[in-house]
Amino acid sequence: MTPSLRSFLLRRAAWLVGLVAVAPDAAAAQSLAHGSLAVVVRDSALRPIGLAEVRVEDPVTGAVRPATTSRDGRARFGLLAPASYDIIVEALGYRPARHVGVAVLSGVEGALVVTLRREAPPVTRVDTVFSGGARAAPLEWLATRGYGELTGGRRLLGDLATLSTTADQSSIEGLPWRYADIAIDGARVEGVGSRLATSSAMATLAVPMRTIAGGLVGGTGFDVEAARSGVGIAARSMRGGSSGGLQAALFGGTTDLGGGVTVGGPLQRDTAHAVFGLDHQRSLVAAPAFFPVGDVEGLALAAASAGALAPYGNESERLEERTGAFARLDWQAGERYAISFRGAGTRLVSHDPALGGPVASALGSWNTATAAQASLNVLARMNDNITWEVRLSGDFGESEAQAATLPRTAFAGRGLTVGDDGDGPFQESRTAPRLAALMHLTAGAHRLKFGFTGAAHRFDVRQRPDDEGAWRFGDAADLAAGLGAWRGLSSVARSGDFRLAESAFLLQDSWQVADGLAVSLGLRFDNQSIPADDIAGNPDLTILSGLRTDGVTARRARVAPRLGVRWEMGRTREWVLEGGAGVFNDLPDRADVAEALAFDQGIVVRSGLGVLNTWPVAPGTLAAPERGRAVTLLGPDFEGPRTRRLSLGLSRSVARWTAYVRGTYR
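This structure is a prediction, so every number in the text was calculated from the model and none was measured.

A. Spatial organisation of the pattern of salt bridges. Taken as a whole and assessed by the stated rule, the structure comprises 40 salt bridges. Linking Glu-190 and Arg-434 is a salt bridge whose minimum nitrogen-to-oxygen distance equals 3.1 Å. With Glu-190 in the loop between strand 13 (187–189) and helix 3 (200–203) and Arg-434 in strand 25 (residues 426–443), the pair connects residues that are 244 residues apart, well separated along the chain. For the residue pair Glu-190 and Arg-434, the accessibility class agrees, reading buried in each case. We note a salt bridge from Asp-395 to Arg-434, for which the minimum N-O separation is 3.3 Å. Linking Asp-395 in strand 22 (residues 386–402) with Arg-434 in strand 25, this pair joins segments that are 39 residues apart in sequence. Considered together, Asp-395 and Arg-434 belong to a single accessibility category, that of buried residues.

B. Just the nonpolar core, in detail. Leu-157, Ile-172, Trp-177, Ile-182, Leu-205, Val-207 and Ile-233 are the most contacted members of the largest nonpolar core, which has 28 residues in total. Secondary-structure elements contributing two or more residues to this core are strand 12 (181–184), helix 3, strand 14 (212–219), strand 15 (231–237) and strand 21 (366–381). Not counting residues up to four positions away in its chain, the partners in contact with Leu-205 are Leu-156, Val-192, Thr-346, Leu-348, Ala-369, Thr-370 and Ala-371. Counting 22 residues, the second-largest nonpolar core is a separate cluster that includes Val-54, Leu-80, Val-89 and Val-114.

C. Region of the structure containing the packing of aromatic side chains. Counting across every chain of the model gives 5 aromatic pairs. A centroid spacing of 5.8 Å and a plane angle of 5 degrees characterise the contact between Trp-471 and Phe-473, whose relative ring orientation is stacked. Across the pair, exposure class does not vary: Trp-471 and Phe-473 are buried alike. Taken together, Phe-411, Trp-471 and Phe-473 form an aromatic cluster joined through their ring pairs. Directly above the aromatic system of Phe-584 lies the positively charged group of Arg-562, at a separation of 4.0 Å from the ring centroid.

D. Inspection of the side chain of Arg-391 at higher detail. By the element assignment, Arg-391 lies in strand 22. Here the side chain of Arg-391 touches Gly-186 through a polar contact of 3.3 Å, landing on its backbone oxygen.

E. Inspection of the sheet that holds strand 23 (residues 408–411) at higher detail. Strand order across the open sheet formed by 6 strands is 24-23-27-28-33-34, with mixed pairing between neighbours. Lying at the two open borders of the sheet, with one neighbouring strand each, are strand 24 (416–418) and strand 34 (626–630). Going across the sheet, the axis of each strand differs from the next one's by a mean of 20 degrees, ignoring polarity. The pairing of strand 33 (residues 603–611) with strand 34 spans 4 bridges and is classified as antiparallel. Within strand 34, the residue paired with Ile-603 across the bridge is Ala-630.

Cut-offs and rules
- Residues numbered from 1 in each chain as written.
- Predicted model: local features only at pLDDT ≥ 70, side-chain atom pairs only at ≥ 80, totals over all residues.
- Heavy atoms only, no water.
- Salt bridge = Lys/Arg side-chain N within 4 Å of Asp/Glu carboxyl O.
- Helix = DSSP H or I, 4+ residues; strand = E, 2+ residues; numbered from the N terminus.
- Buried < 20%, exposed > 50% of the residue type's maximum accessible area, 1.4 Å probe, protein only.
- Core = buried A, V, L, I, M, F, W, Y, C linked by side-chain atoms within 4.5 Å.
- Contact = heavy atoms within 4.5 Å.
- Phe/Tyr/Trp six-rings, centres within 6.5 Å; stacked < 30°, edge-to-face > 60°.
- Lys NZ or Arg CZ within 6 Å of the ring centre and 35° of its normal.
- Polar contact = N/O pair within 3.5 Å; in protein donor to acceptor, adjacent residues only side chain to side chain.
- Pairing = 2+ DSSP bridges.
- Axes fitted to C-alpha atoms, helices over the stretch in contact; angles between N-to-C directions.

So this is what it looks like as structure tokens:
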């Protein structure tokens, strides 16, 4: 590390500490796939009770984890699966207490304060409390299977955006969904490519809603495992229960029809549990006519087009069909090993989709997209202080789009664009295997985590610009006279097969500074590579301008510091002040890399202006001659987005309600 870089990091770290010293934020637990729980046992006089027996019971699987409090009345349970637990506490000379519904969240260390009343043997009662401690985070929602079936239009993970004040179907915290960090049970999920790739549905297509037990929308926290932009969805999947069960659902109406089934139960009681789900949905949405009755200008356009625009004067129907499935298996192999496997996938077919943006409609087009994701998580507890976690996952996606029946055509006087969106026929497939190997070490009040994560992304992108190009007319009279403008590119398949790779070395210390106050400080060392060697040089461009198409840097290494703080206050820790700051590094957009690979030698551009009587067929070379070549150039400093993010929030819980205020700077 150079002296200048060291000085910069020290100055930045000092700035961050000074900025949040008055408001510590959530010190993340050691794992994004697990949570942890600290239990404090005391008597009515607030004195700690040592040697108390504490049991964490999972009401879903029936599994039990015991512990004994130390002299200061504390017991800690690390790396728990995210769920709601029952906590039973017993001590000699005291009445036992049972706290029901204590929520443990992934990536967060919760705290529960248990007060025992004195009672001489024999014990006749057990105090039962519906827990107010270790509450869910303010944006966390805990879904039942029934609610998960009803929410959202496509019933995918992205429909969680409808429950959040920071996201909608097109963006999350103001960023397009293609920049979102999507993780389920700690394993990341990539979106599929298509003309709808910026929507929440395409970003989360691999995960049907039926598989989700809960999710957090917005900031993904400041743990060193958090990647991309620092915003997205952190979700956890449904688990099989301790008793077998089957749930079926049907939903529908005049335009929406579907159903699903979920089956779950034990394969071996208290040891292995499984759940499986399958659903199908068919939606038919009526779209109004773009040239309604009485629209003189619209009728004139339809007449001038010799009937080609007539379908836009009628109501149309957009058909969408979706089929999804998921499965999860959990196996507790003794007290030292826990293994879980999960897989999910969805196929989506859309006919005449609403493209949005400047394109009003694309009648005759269709899109298909398929995405699947699987993960295997192995947790090995070597002893009370050392735990290994290995997470192997991968996701697959493919998409295809067919162009509309008409080329992209804009009418300036009407402010309307119809026809294709300009991309033409489109095909893309991708695979992304991932590996995370982490070591968790407990040393007194410190929880250390260090390890490695890596992913290799392979893409095969084939996108052919439509031969018909794009047309522009002023009004119906111009269309009838053939007076307008046209521009098109020569037909060429783009990019083909290429790879992007990323890896990171992680180091983090989560420090329990005092009762209720935890601080995490971490560093993430990111390494990224793009296929720069596959981008060919363009001698003609270099001679004319001095610029090189093959001058982009292939590999980059960047440092991402993280700081998080969480301060729980009040008698029952009902007040929570949390926040953090960090830097997040992302890979370049694959669409940019694909275009650079395809257009490094340039692509012929033809255009014409004036009398062009061939619409909707492209004009010939006499009316629209070659104008030159278009070249895509990535500069030597080209790299993926880099996000600096700071957040601070205060929440207050009362019974089952939580009120919060939060601010974010990015």
